[in-house]
Amino acid sequence: MLRIKPLFASLFQRPEAADVQSVLASTRLSMAMIFALSLFCVPIAVMALNATFATIWLISTLLFSGTIYLRASVKKDIVITRVSRRLWRRLLVFQFLLAMPFAVMLVAIMGYGSSDIANYIAWPGAGMAAAGAALLRRTLAAAVVYFGTLIAAALTGLWISSPQGMLYLAACICIFAFFLFFLSAYMGETERQRDLSLARLSAAVESVKAARDENHRLANVDPVTGLANRKALTEALATALDSDDADQGIALILLDLDRFKNINDTFGHPFGDQLLALVGARLSEKIGPQGQVGRLGGDEFAILLAGCDEAELVEISESVLACIQEPAQIEGRVVFPSTSLGISRCPRDGQTPEALILAADIALNAVKAQGRGAFLRFDDMLRAGLMRMDALEAALRNALESNVISVHYQPKVDLKTGALSGAEALVRWHDPELGHVSPGELFEVASERGLIPDLSTYLVTQTAMDIAGWRRAGLKTGPISINVHPVELKSPDLLHRNITALEEHGVTTDDIVIEVTEGCFVGRGNDTAAFILDTLAEDGYVLSLDDFGTGHASLSHLRICQCRS
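The rules we used
- Residues numbered from 1 in each chain as written.
- Predicted model: local features only at pLDDT ≥ 70, side-chain atom pairs only at ≥ 80, totals over all residues.
- Heavy atoms only, no water.
- Helix = DSSP H or I, 4+ residues; strand = E, 2+ residues; numbered from the N terminus.
- Buried < 20%, exposed > 50% of the residue type's maximum accessible area, 1.4 Å probe, protein only.
- Contact = heavy atoms within 4.5 Å.
- Areas by Shrake-Rupley, 256 points an atom, 1.4 Å probe, with all protein chains shown as cover.
- Pairing = 2+ DSSP bridges.
- Axes fitted to C-alpha atoms, helices over the stretch in contact; angles between N-to-C directions.
- Polar contact = N/O pair within 3.5 Å; in protein donor to acceptor, adjacent residues only side chain to side chain.
- Arc of directions from axis to C-beta.
- pLDDT = per-residue confidence, 0-100.
- Salt bridge = Lys/Arg side-chain N within 4 Å of Asp/Glu carboxyl O.
- Phe/Tyr/Trp six-rings, centres within 6.5 Å; stacked < 30°, edge-to-face > 60°.
- Core = buried A, V, L, I, M, F, W, Y, C linked by side-chain atoms within 4.5 Å.

With respect to the overall build of the protein chain
Okay, step 1: Along the protein chain, the regular secondary structure elements total 19 helices and 13 strands.
Okay, step 2: Split into buried and exposed, the 565 residues of the protein chain put 42% on the buried side.
Okay, step 3: Intrachain contacts of the protein chain at a sequence separation of at least 6 include 71% that bridge at least 24 residues.
Okay, step 4: Surface accessibility of the protein chain: about 30500 Å² in total, with carbon and sulfur atoms responsible for 59%.

And the structure:
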C-alpha cells in the first residue's frame, strides 16, 4: 500500500544500485520501442505537416536511438554497485533526451498541424508515456522526467493551437499524468517488495542449507581430525560393499597409536588431540584419492581401500607404518608415535561392514600381542581362534550356570616343619566337548567376553563354602589365597560384593589372603588399584603379590602391598 508523503519524498532520493541496474537493462527495449513508434509516427507527420519535416525527424530519431542501442549492447554486462550523484543526474538527463524526439513531434503536430490529424498523434504519445512509466518504475524521478517531458510537450502543443479551448484536454492530460505517476510508483514499490521477499527467502534457504551442512558435519565429521567419523566411515564401507567395486576387492585397515594413553597422561589431552590431528593429516596425505580415512574414536583410525591387489595393499600398509613413525614436533616437544595395523578384505573376511571391522580389529589385537609396529592380515588361523573363543564363551556361560567348574586347592607347606601353612584356590575346567581348558585361556575368554564378574563370584562363593565346610569338620588349613583379577580392581563394587559374600559365610580376614598380580597395577583403568588395596589392608586383609617380575612391573609397586614370604 502506497503512502503519499513517503511517495513524494522518494522523488528526491537517489535510487539503489539495483534500481538503476533495472533501467539500464531495459534501455535496449526502450530503443526498440522508439524505433517502432518512429515508423508509425512518420505518416502522421507527413499528413499533418510535410515530408521534409518527417524525413529529418525520422533520420535524427533513428540515429539517436540506434546509437543508444549499440552503446547499451556494449555495456549490458556492467554491474552497478553504487549510485553517485553524478550518475543519478546523468540518468535524469538521459531520460529527458530520450523523450525529446517525441516531445518535438507532439509540439509540432499538435501545435501546427491539422486538428483532425493531430488527434492521431495523441495515441502513440500516450503509449510512449505509459511505456516509459512502466519501464522506469524502479526510478520514480526518472519516470516522471520521461513522461513529464511528453506531457509538457502535449500541453505546449495544445496551448499553441488553441489557447482558449485547451482547458478540458489539459485537465484530461494532467489526470493521465497523475495516473502514470501513481502507476509507476505502485509498480516500482511492488517490485522492490518482491525483491526484498526473494532476498529474505534466499537468505532463509541459505540459512537452512548452512544448518543442514553443519548438521551433516557434526554427524559425519570428527571434530578433532576433520576426518570421517565412525558413522560416516561405516556408511561409506556399506556403500562400497553394495557397489560394483566390491567384486574387485575392498580392504579395511584398522590402526591405533601405541602408548597413546601415556602421551595424554604426560602432556595433557590438548597435546594428545594435536597428535591425533597430525596423524590424521599424515594418513590423508599418504592415502590421497585412492581411499578414505576416518577416525573411529579415541586413538583408533580406519582406512577404506577399493580396487587394490595384494601387492598394493602390502605397499600401502608399509608406507602407513613409515609415515606414522616419523617424529612429530608439537608445542616444542618431539614425540615418536608408532602404530600397528589390522587388515581385512572383502569377500574373504566378511561381506558386511560389521564383519570386516570385527575381522580387522581381531587382526589388530593379534599383531599388538605379537609385539606391535607391524601389520597383520586376518586369516584362517585368526578365524579359527575367533571360532574357538565363541565356543569357549558359550561353554563357559553354560558351565557357570551348571556349577561344573572345579575349584582346586594347591597346598602351601612350611619347609622347616613340613606342616600345612595354607593353600591357593585355583579354577579348573574340563568341558566334555572342548576338553581341558587351561587357566590362561579360561581367564582370557572371561576377560574379553565380560564374564570375569560371574567367574570371580563363582570362585569366591565356592571357596567360602569350602572354608566353612572345613571349619565344621574341624580341619585347620591355614589361610586360603584367592586371586583378584585386574578387572575386579576396575570395578570396586564387584570386589566389595565378593568380600561381602565371604563374610556372609563366616570367613574372616584370618581365613584368606588376597593375591594380586602385577597386571593389577599397569595398563589402562588401574589408576585406583593402590587406593583399593590400601583400603583392604586397613580392613585387616593380608595382600600377597604373585608372579612379580614376569611382566612389566617395577619395585615401586611393592610399596603398596604387605607381601607374605
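Comments concerning the sheet that holds strand S7 (residues 375-377)
Okay, step 1: Taken in spatial order, the 5 strands of this open sheet run S2-S3-S1-S6-S7, and their pairing is mixed. Among the strands making up the open sheet, the edge pair consists of strand S2 (291-297) and S7. Taken pair by pair, the neighbouring strands of this sheet meet at an average axis angle of 20 degrees, ignoring direction.

A look at the side chain of Asp222
Okay, step 1: Mapped onto the elements of the fold, Asp222 is located in the loop between helix H8 (167-220) and helix H9 (230-242).
Okay, step 2: For Asp222, the side chain forms a polar contact with the side chain of Thr225, separated by 2.7 Å.
Okay, step 3: The residues touching Asp222, leaving out its near neighbours within four places in the chain, are Leu227, Ala228, Asn229 and Arg295.

Digging into helix H15 (residues 439-448)
Okay, step 1: Listed as buried for H15 are Leu442, Val445 and Ala446. The arc that holds every buried residue of H15, seen down its axis, measures 100 degrees, which confines them to one face. With respect to the buried face of H15, the exposed residues turned more than 90 degrees away are Gly440 and Glu448.
Okay, step 2: In this fold, the buried residues of H15 make contact with helix H14 (380-402), strand S9 (420-431), strand S10 (435-437) and helix H16 (452-472).
Okay, step 3: Looking one or two places after H15, you find Gly450, whose phi comes out positive at around 75 degrees.

What about the confidence of the model for the protein chain?
Okay, step 1: Counting all residues, the mean pLDDT for the protein chain is 81, and 89% of those residues have values of 70 or more.
Okay, step 2: Contacts for the low-pLDDT stretch residues 560-565, under 50 throughout, to residues beyond four places or in other chains number 17 contacts.

Structural notes on the pattern of salt bridges
Okay, step 1: According to the stated counting rule, one finds 16 salt bridges in the structure shown.
Okay, step 2: Between Glu191 and Arg194 there is a salt bridge; the shortest N-O distance is 3.7 Å. Here the residue Glu191 and the residue Arg194 both occupy positions in helix H8, the gap between them amounting to 3 residues, near one helical turn.
Okay, step 3: Using a relative accessible area of 13% as the deciding quantity, one classes Glu191 as buried.
Okay, step 4: Here the residues in one salt-bridge network are Glu310, Arg345, Arg348, Asp349 and Arg377, joined through shared partners.

A word on the packing of aromatic side chains
Okay, step 1: Here the structure, examined in full by the defined rule, presents 5 aromatic pairs.
Okay, step 2: Centroid distance Phe176 to Phe179: 6.5 Å. Interplanar angle 25 degrees. Geometry classified as stacked. Separated by 3 residues within a single helix, Phe176 and Phe179 lie in helix H8, roughly one turn from each other.
Okay, step 3: Of the residues examined, Phe176 reaches a relative accessible area of 26% and is grouped as partly exposed.
Okay, step 4: Given a relative accessible area of 49%, Phe179 falls into the partly exposed group.
Okay, step 5: Between Phe181 and Phe182 the ring centres are 5.3 Å apart and the planes differ by 80 degrees, which places this aromatic pair in the edge-to-face class.
Okay, step 6: Accessibility expressed as a relative area gives 6% for Phe181, which makes it buried.
Okay, step 7: Using a relative accessible area of 31% as the deciding quantity, one classes Phe182 as partly exposed.

Quick look at the nonpolar core
Okay, step 1: Core analysis: the largest hydrophobic core is formed by 50 residues, its most contacted members being Ile121, Phe147 and Leu150.
Okay, step 2: Listed by contribution, the elements that provide at least two residues to this core are helix H2 (17-25), helix H3 (27-48), helix H4 (51-74), helix H5 (85-112), helix H6 (115-135), helix H7 (140-161) and H8.
Okay, step 3: When residues in this core are grouped by element, the largest group, 11 residues, is from H7.
Okay, step 4: Setting aside its immediate chain neighbours within four residues, Leu150 contacts Ala99, Phe102, Ala103, Leu106, Gly125, Met128 and Ala129.
Okay, step 5: The next biggest cluster of nonpolar side chains, apart from the first, holds 42 residues, and it includes Val407, Leu459, Ile482 and Leu495.

Description of helix H10 (residues 260-267)
Okay, step 1: When H10 is considered as a whole, its buried residues turn out to be Phe260, Ile263 and Asn264. Projected down its long axis, H10 carries its buried residues within an arc of 100 degrees, all on one side. More than 90 degrees from the buried face of H10, the exposed residues found are Asp265 and Thr266.
Okay, step 2: At the C-terminal side of H10, Gly268 shows a positive phi close to 100 degrees.

Examining unusual backbone geometry
Okay, step 1: In this chain, Cys346 is followed by Pro347 through a cis amide linkage whose omega measures 10 degrees.
Okay, step 2: Positive phi, normally seen in glycine, also occurs at Arg259, with a value near 55 degrees.
Okay, step 3: Structurally, Arg259 can be placed in the loop between strand S1 (250-257) and H10.
Okay, step 4: The backbone of Asn403 shows a phi angle near 55 degrees, a positive value even though the residue is not glycine.
Okay, step 5: Here Asn403 is to be found in the loop between H14 and strand S8 (406-413).
Okay, step 6: Here Asn403 falls in the exposed class, since its relative accessible area comes to 54%.

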